[in-house]
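# Observations on the model geometry
The chain contents come next:
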Amino acid sequence: MSAYLNTRVSLYSGRLWRDEDLDALVGVPDDALADTLVQRGLPQLLVGYDSQTARQQDTRSLEQRIIAQILDETRVLIRPLSGDGRAFLTFWTARFEISNVKTLLRSKMTGERPAAALARLTPMGTFGRLDNQDLAHAEDVGELLRRLAAGPYAGIVNHARRAFEQSHDPFSLDAALDRGYYDGLTQRAQPLEEALGAPFRSLMANLIDRINLVWLLRYRFNYRLPPAQVYYLLVGSRYSLSATRLQELAALDSLEAVLAALPAAWQARLSGVIDIPGVFTRMEHDAAEQALRVLRSSAPDMARAFAYLILRERDLRAVRAVLRGRHLGLAGADIRLALQREPVEVM
Amino acid sequence: MLRAEPLLKMQLLMLASEAQDAALALARFGVFNPAPCALDTLTESPAVAYRDAWLEAETRLAKLLEQCGDTGPLEIPVEAEAPTLADLEELNGWLKDVWTACLACHESEAQITDEGSHLDALEETLAKLERLNVDLSHLLRADSLLGVSIGSLPVTGLKRVTEALAMTGHLVSRFDQVGEQVFAVIAGPRTRQDEVRGLLAQAGWRELPVPDELRTHPQAARAWLKQERTQLDTQSGATCQTRDGLREQFGPRLREARLRLALARPLAEASLAGMCGKGGLTALSGWIPKRQLKALRAALDTRFHGRYWLELREPTPGEVADVPSLVRYPGWLKPFVPLVKSYGVPRYGEFDPALPFALTYLLLFGAMFGDVGHGAVILLLSAALARRLGRMAWVGIAAGAASIVFGFFYGSIFGFEDIIAPLWLSPLHDPVRVLTIAVGFGVGFIVFTLLANAWNKAVAGHVGEALFDSTGLAGLVFYLGAVGVLASLTGAADVARPAALLAGLGIVVVAAFKWYEAKAGLGERILVTAIETLETAINLFSNTLSFMRVAAFSLNHVALALAVFTLANGLEAAAHGFTLVLGNIVIIVLEGGIVAIQALRLMYYEGFSRFFSGDGREFVPLRLERG
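Remember, it's a predicted structure, so these values are computed and weren't measured experimentally.

Scoring rules and cut-offs
Residues numbered from 1 in each chain as written. Chains lettered and ligands numbered in written order. Predicted model: local features only at pLDDT ≥ 70, side-chain atom pairs only at ≥ 80, totals over all residues. Helix = DSSP H or I, 4+ residues; strand = E, 2+ residues; numbered from the N terminus. Buried ≥ 20, exposed ≤ 12 C-beta atoms within 10 Å, placed from the backbone. Contact = placed C-beta atoms within 7 Å. Pairing = 2+ DSSP bridges. Nonpolar A, V, L, I, M, F, W, Y, C, P; charged D, E, K, R; others polar. Expected span 1.5 Å × (residues − 1). Domains from an automatic or database assignment. Core = buried A, V, L, I, M, F, W, Y, C linked by C-beta atoms within 7 Å.

### A look at the overall build of chain B
Broken down by element type, chain B carries 22 helices and 11 strands. Dimensions along the principal axes, computed over C-alpha positions, put chain B at roughly 115 × 85 × 60 Å. In chain B, which comprises 627 residues, the share counted as buried stands at 37%. Pairs at least 24 residues apart make up 77% of the contacts formed inside chain B by residues separated by at least 6 positions.

So, in structure tokens, the structure goes:
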């Protein structure tokens, strides 16, 4: 089983995009784009870009097709897994379904028709645990939340439901769902961190620390929430940014003050950053570097598989940005700027 | 019965305003399987709005019917017409209003239940607080510097809330837990209460209303609680009139809604398959049986008086995989069909294995479980449970009958071998003959599957595979030759030389075909050809031997009966009888079950896998109501 996963991850890692590949995709002529995507093993992204697939009845958006690709690869990777590893990677895909839940909730708030909402949902394939048809036909947010609370995500939804009942604020719902999901992910990661050690823990630490710092900055300085509420909305963390550190950071009054109060290593990493998107990009870059390091190491296969999925998703998001940019007729330089992707190197 | 009916692809073009009636007419016709429309010139999807409205209305109706119970069987008048989109939208709107009223009632009922449990909690809380020497009325004073509130929150969020509140100088003191809810007192500087309001809402904090008289006048608190409870009871009685009166108030209209939605279903379902149109024109595509063509034209003429255009054609070779299979089975064969379909649906044009399956399955079951008594028990039990088992009871009855017939052949009744004389042979006394017959049957069965596969391949246009592949006629020639050689070696026949020639010819043709098919380098080609050719021989040999289990199980049946008799004979009169009865029950349940599964296994793996792809599409006609 381990040999299977090891081989699979090694084979898959050949699919990752180097920065020069992305750069080439930005500049490739229109008539050669289809060939490039096929060569990179992404024929499903072709729809609309070549004459052969133009008539295919694939109504999925580019985003949906990219997620379908990630789900396909995850399905292959979890095949030999069981127990905690399988549960973790399966739950890792659940964030797409939580995103579907948010889409459904918003559609109910805006009174959108079920068919329109259904068309925007990401098909989850074998990872799908929700009956989207049934949920989309709920009459209002209350009925939808009640149905969700009786389903597989009850643990996440119940809390969001109660928060929404108290405040009737859509932000409460989204924030509670996000927090609930990542709390669930860290819980599922705990036994794996103990079993797989530092490589896996470093991936989780990068992920959760980044989420917490970016959320903290966003809630505090974009939404102007009070420190206590900001702290409450963060993911329970056992990584570099501990609960005490997060409390201290949330109490500060400016972005600069927060960055200055970070541990020294973090300050070095974030030097020169002046805004929240910059923090996200820099931290994501660091996380990608760490993931690449784990992928190329002799770390446990499960950790390498998780590292691959993190990198693959980052790559496919970049491919999406390039394709969208081209579709909108943006100049190559603008697309490269929008990518905000620095080369990832293993130190 | 052995093949799917020949179908025609039809395109029905009509006025968009009559699309719902056309779909209804096709649903009444009963043998139209919708398919995606493939007319390049008609680029619009005309029935999407109709389908969406129908789906919404259908869902709302289903939820309402769940609330007020079934409205009885639905009779659809012959002359009834399908609703238009406007009618459907109106109906959908009405269903939405009724369901929204129901939901409001649901919400208030849930709220009342919630309030009730809160009052329970409060009562408990008051009892606990009464025992504390704390003047709560003083604590809860609105003009105090200390802001205090009593309430509940989910237990999972308590730690986080406590940590977050500590950042604003607030304390959380938990004093009770009911289920997943923790009851707590939160106290902190009143000046900072605005800071925690959002946090508490986010955490799902629910404040408990505490009467001022609590500490100083316990009696007043009790009276207040009682008054609140009475108020709640009154509310719960009054709020749900809409839902409780749903059946009386809306019963006839809900029934009407059910009828109209049943009439609208055909167009909505056809639209799901994929309709196309442009402007005032709509096209419905699908498959119909060739022999129903005249009847279809007559039905359309009666309804539309020539206001339609019907285009028909035979399926092209390229679309055979998409053509559904419509096979008509006689009533007695229908119970066996689910057993075939659990393996797969035959492709259009493919040989349908239901009939040989039914006959062979019964033959194998009877041969492996031949006993007059046991067969009779299975037959009678299946007949007795016919209502519960439905059509599957017939499989049990037929299997029991087959068992009885073989019981007479073997001379076995409840394991006794000396009550009736065998009409054919006794497995116990002539095991070698039984084994030979089983292998002989296996040879016949495999010959049949190879012929069926050659036929299926030829029909699908794969003539090369039908003639030269290991599962085609070349494989059959090799197999028959090999069987002849083995039969000559055992002395059962004297055809060794011609049989060897036949086998050699067959295997050479198979090897040549494998060589031709393998698109690889020389080394790999040699390897693939050698291994696949060898595999052909091994597979056919092992599959034939697999049928020895038929003989083995018929012997096993006798052996089990002997074991029961040996045990029973060692016991006294009552215990003897009891052991015999119990032993026979064990044989029927245990061995009967195993034999049923083994017969199925032989059919699936030695039979179906050889000639039946099972990846066809079932013919699903438009209907007025789904079962």
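### Things to note about the pairing of strand β1 (residues 7-15) of chain B
With 9 bridges connecting them, β1 of chain B and strand β8 (residues 281-289) of chain B associate as antiparallel partners. The residue bridging Leu-13 of chain B from the neighbouring strand is Ala-283 of chain B, located in β8 of chain B.

### Notes on the interface of chain B and chain A
Taken residue by residue, the interface counts 26 residues in chain B and 27 residues in chain A. Counting residues per element, the ones that place at least two in the side of chain B that touches chain A are α2 (48-68), α3 (85-131), α5 (158-166) and α6 (193-202) of chain B. Per-class residue counts for the side of chain B that touches chain A are 13 nonpolar, 7 polar and 6 charged.

### Comments concerning helix α21 (residues 548-569) of chain B
Residue and element names in this part refer to chain B. Look at α21: 31 Å from first C-alpha to last across 22 residues, which is about the 32 Å you get at 1.5 Å a residue. Within α21, the full set of buried residues consists of Val-550, Ala-551, Phe-553, Ser-554, His-557, Val-558, Ala-561 and Val-564. Where α21 is buried, its residues contact α12 (354-368), α16 (431-459) and α22 (573-611).

### Describing the domain arrangement of chain B
All names here are of chain B. Each domain of chain B was delimited in the assignment, giving domain 1 (1-46 + 275-330), domain 2 (49-129 + 222-270), domain 3 (141-209) and domain 4 (350-611). The partner domain 3 presents 6 residues to the 6 residues of domain 2 that form the contact. A per-class count over the side of domain 2 that touches domain 3 returns 2 nonpolar, 2 polar and 2 charged.

### Observations regarding helix α16 (residues 276-296) of chain A
The terminal C-alpha atoms of α16 of chain A lie 30 Å apart, and with 21 residues this matches the ideal 30 Å at 1.5 Å per residue to within 8%. Of the positions making up α16 of chain A, those classed as buried are Val-279, Met-283, Glu-284, Ala-287, Ala-288, Gln-290, Ala-291, Val-294 and Leu-295 of chain A.

### Some remarks on the nonpolar core
Ranked by internal contacts, the top residues of the largest apolar core, which has 98 residues, are Leu-203, Leu-216, Phe-306 and Ala-307 of chain A. Judged by nonpolar contacts, the second largest core, of 64 residues, contains Tyr-410, Ile-507, Phe-513 and Ala-561 of chain B.

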